[in-house]
Amino acid sequence: MTWFNRQSRLVQLLLLLIPVVNWIVEIYVRWTTFFKKGGLIRLIICILTVPFGIIFGWLDFIWVLLFKKLFLQ
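My aim in this report is to walk through the structure given alongside it, one point at a time. (Residues numbered from 1 in each chain as written. Predicted model: local features only at pLDDT ≥ 70, side-chain atom pairs only at ≥ 80, totals over all residues. Heavy atoms only, no water.)

Unusually for a residue other than glycine, Lys68 sits at a positive phi of about 65 degrees. Mapped onto the elements, Lys68 comes out in the segment after helix H4 (40-67). The exposure class assigned to Lys68 is exposed, which follows from its relative accessible area of 56%. (Helix = DSSP H or I, 4+ residues; strand = E, 2+ residues; numbered from the N terminus. Buried < 20%, exposed > 50% of the residue type's maximum accessible area, 1.4 Å probe, protein only.)

Taken as a whole and assessed by the stated rule, the structure comprises seven aromatic pairs. With a centroid separation of 6.1 Å and an interplanar angle of 90 degrees, the aromatic rings of Trp3 and Tyr28 are classed as edge-to-face. Here Trp3, found in helix H1 (residues 2-6), pairs with Tyr28, found in helix H3 (residues 19-37); they are 25 residues apart in sequence, far enough to count as distant. Relative accessible area serves as the criterion here: at 34%, Trp3 is assigned to the partly exposed category. (Phe/Tyr/Trp six-rings, centres within 6.5 Å; stacked < 30°, edge-to-face > 60°.)

Within the element layout of this structure, Leu15 appears in helix H2 (residues 9-17). A relative accessible area of 17% places Leu15 in the buried class. C-alpha of Leu15 to C-alpha of Glu26: the two residues are eleven residues apart in sequence and 9.5 Å apart in space. Among residues more than four places away in sequence, those in contact with Leu15 are Trp3, Phe4, Val21, Asn22 and Val25. (Contact = heavy atoms within 4.5 Å.)

Attention now moves to the environment of Lys68. Measuring from C-alpha to C-alpha, the distance between Lys68 and Leu13 comes to 9.8 Å, with 55 residues separating the pair along the chain. With residues up to four places along the chain from it excluded, the contact list for Lys68 reads Arg9 and Trp63.

Here Asp60 is to be found in helix H4. A polar contact is formed between the side chain of Asp60 and the backbone nitrogen of Phe71, at a distance of 2.8 Å. Among all residues touching Asp60, those that are not within four sequence positions of it are Leu16, Glu26, Arg30, Leu70 and Phe71. (Polar contact = N/O pair within 3.5 Å; in protein donor to acceptor, adjacent residues only side chain to side chain.)

Right, let's get into the packing of H2 against H3. It is at 5 Å that the axes of H2 and H3 come closest, and there the two elements cross at 110 degrees. The angle between H2 and H3 places the two elements in the roughly perpendicular class. Across from Leu15, Leu16 and Leu17 in H2, the residues of H3 making contact are Pro19, Val21, Asn22, Val25 and Glu26. Residues belonging to the contact of H2 with H3 are distributed by class as follows: six nonpolar, one polar and one charged. (Axes fitted to C-alpha atoms, helices over the stretch in contact; angles between N-to-C directions. Parallel < 35°, antiparallel > 145°, perpendicular 65-115°, else oblique. Nonpolar A, V, L, I, M, F, W, Y, C, P; charged D, E, K, R; others polar.)

Below, the structure written as structure tokens:
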């Protein structure tokens with residue numbers, strides 16, 4: 001999560017815009033956040049990110065564009 005937040009806003013948006021890359025970024029960011037902070041909701045989001053990561057990636061793209069942070073983070 002800190003790695004993603006340290007990137008410029010343009011790099012964050014590009015990472016979330018490219019379909020396969022956004023899925024990989026979503027899995028990486030969500031699981032590392034879960035392992036560091038834990039929590040039932042984070043676990044559910046992590047599990048849902050594996051099959052639906054591209055959908056979360058597009059949602060996060062819009063969320064980062066509007067609010068400058070990832071959805072449900």
